[in-house]
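Here is what each chain is made of, one letter per residue.
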Amino acid sequence: MNKKEVFKLAKGFRGRAKNCIRIARERVEKALQYSYRDRRNKKRDMRSLWIQRINAGTRQHGVNYGNFMHGLMKENIQLNRKVLSELSMHEPYSFKALVDISRSAFPGNKTAIHPKKEGLAMLI
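Residues numbered from 1 in each chain as written. Predicted model: local features only at pLDDT ≥ 70, side-chain atom pairs only at ≥ 80, totals over all residues. Heavy atoms only, no water.

With an unreviewed UniProt entry as reference, the protein is termed 50S ribosomal protein L20, source organism Rehmannia glutinosa. The record held by UniProt for the protein lists under Function (unreviewed entry) the comment "Binds directly to 23S ribosomal RNA and is necessary for the in vitro assembly process of the 50S ribosomal subunit. It is not involved in the protein synthesizing functions of that subunit." (UniProt positions renumbered as here; feature names shortened; annotations may be inferred.)

Another aspect to go through is the packing of helix α4 (residues 81-90) against helix α5 (residues 92-105). Contact geometry for α4 and α5: axes closest at 6 Å, N-to-C directions at 120 degrees. In terms of their interaxial angle, α4 and α5 are classed as oblique. Crossing of α4 over α5 shows left-handed handedness. From α4, Leu84, Leu87, Ser88 and His90 reach across to α5, where they touch Pro92, Ser94, Phe95 and Leu98. In the contact of α4 with α5, the residues fall into five nonpolar, three polar and no charged. (Axes fitted to C-alpha atoms, helices over the stretch in contact; angles between N-to-C directions. Helix = DSSP H or I, 4+ residues; strand = E, 2+ residues; numbered from the N terminus. Parallel < 35°, antiparallel > 145°, perpendicular 65-115°, else oblique. Left-handed = near helix turned anticlockwise from the far one by under 90°. Contact = heavy atoms within 4.5 Å. Nonpolar A, V, L, I, M, F, W, Y, C, P; charged D, E, K, R; others polar.)

The next thing to look at is the pattern of salt bridges. For the structure shown, the criterion picks out three salt bridges. The salt bridge involving aspartate 38 is made with arginine 37; its shortest N-O contact spans 3.0 Å. According to the relative accessible area criterion, arginine 37 is partly exposed, its value standing at 42%. Between aspartate 100 and lysine 96 there is a salt bridge, with its nearest N and O atoms 3.3 Å apart. Of this pair, aspartate 100 and lysine 96 both sit in helix α5, four residues apart, roughly one helical turn. Looking at aspartate 100, the relative accessible area reads 33%, which means it is partly exposed. Shared partners join several salt bridges into a network, and the residues in it are Lys96, Asp100 and Arg103. (Salt bridge = Lys/Arg side-chain N within 4 Å of Asp/Glu carboxyl O. Buried < 20%, exposed > 50% of the residue type's maximum accessible area, 1.4 Å probe, protein only.)

In an α-helix, one turn spans 3.6 residues; hence positions three or four apart end up facing the same way. Along helix α3 (residues 65-74), the residues classified as buried are Tyr65, Phe68, Met69, Gly71 and Leu72. End-on, the buried residues of α3 take up no more than an arc of 160 degrees, which puts them together on one face. Turned more than 90 degrees away from the buried face of α3 sit Met73 and Lys74, all of them exposed. In the core, the buried residues of α3 are packed alongside α2 (21-59), α4 and α5. A positive phi of about 60 degrees marks asparagine 76, the residue just after α3. (Arc of directions from axis to C-beta.)

Here we come to the packing of α2 against α4. Relative to each other, α2 and α4 sit at 40 degrees, their axes nearing to 8 Å. With respect to each other, α2 and α4 are oriented oblique. Judged by the twist between their axes, the crossing of α2 over α4 is left-handed. Of α4, the residues touching α2 (which contributes Arg47, Trp50, Ile51, Arg53 and Ile54) are Arg81, Lys82, Leu84, Ser85, Glu86, Ser88 and Met89. For the contact of α2 with α4, the per-class residue count stands at five nonpolar, two polar and five charged.

Residue placement: arginine 25 occurs in helix α2. Between the C-alpha atoms of arginine 25 and leucine 9, which are 16 residues apart in sequence, the distance is 9.2 Å. Beyond its immediate chain neighbours, meaning those up to four positions away, arginine 25 contacts Met1 and Val6.

Structure, rendered in structure tokens:
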């Protein structure tokens, strides 16, 4: 990269990193490395967020995430995690219909029976 491109990319940096070519070149190179790495991390973080949202939505209906996804796979419902998380947040009735379909497809999805609490556990 020539000096002009480096300074253009270094615009907004603090201290001598914005106007001293040697420091600016190092800071720009490191910034480009961070942006390359974080474009991949962003995808990872978003997938994790979608899974958490789906899990929260399915647990309201007594099914965990893994069993829900397995039931959808058995029924050949090919909705991605992004769409499923949007449904769980904004379309609760549609999402409940998907949970019911998943529950009927996979026997592990039957409604969970919670053990009765006794003694001090009842207070918690």
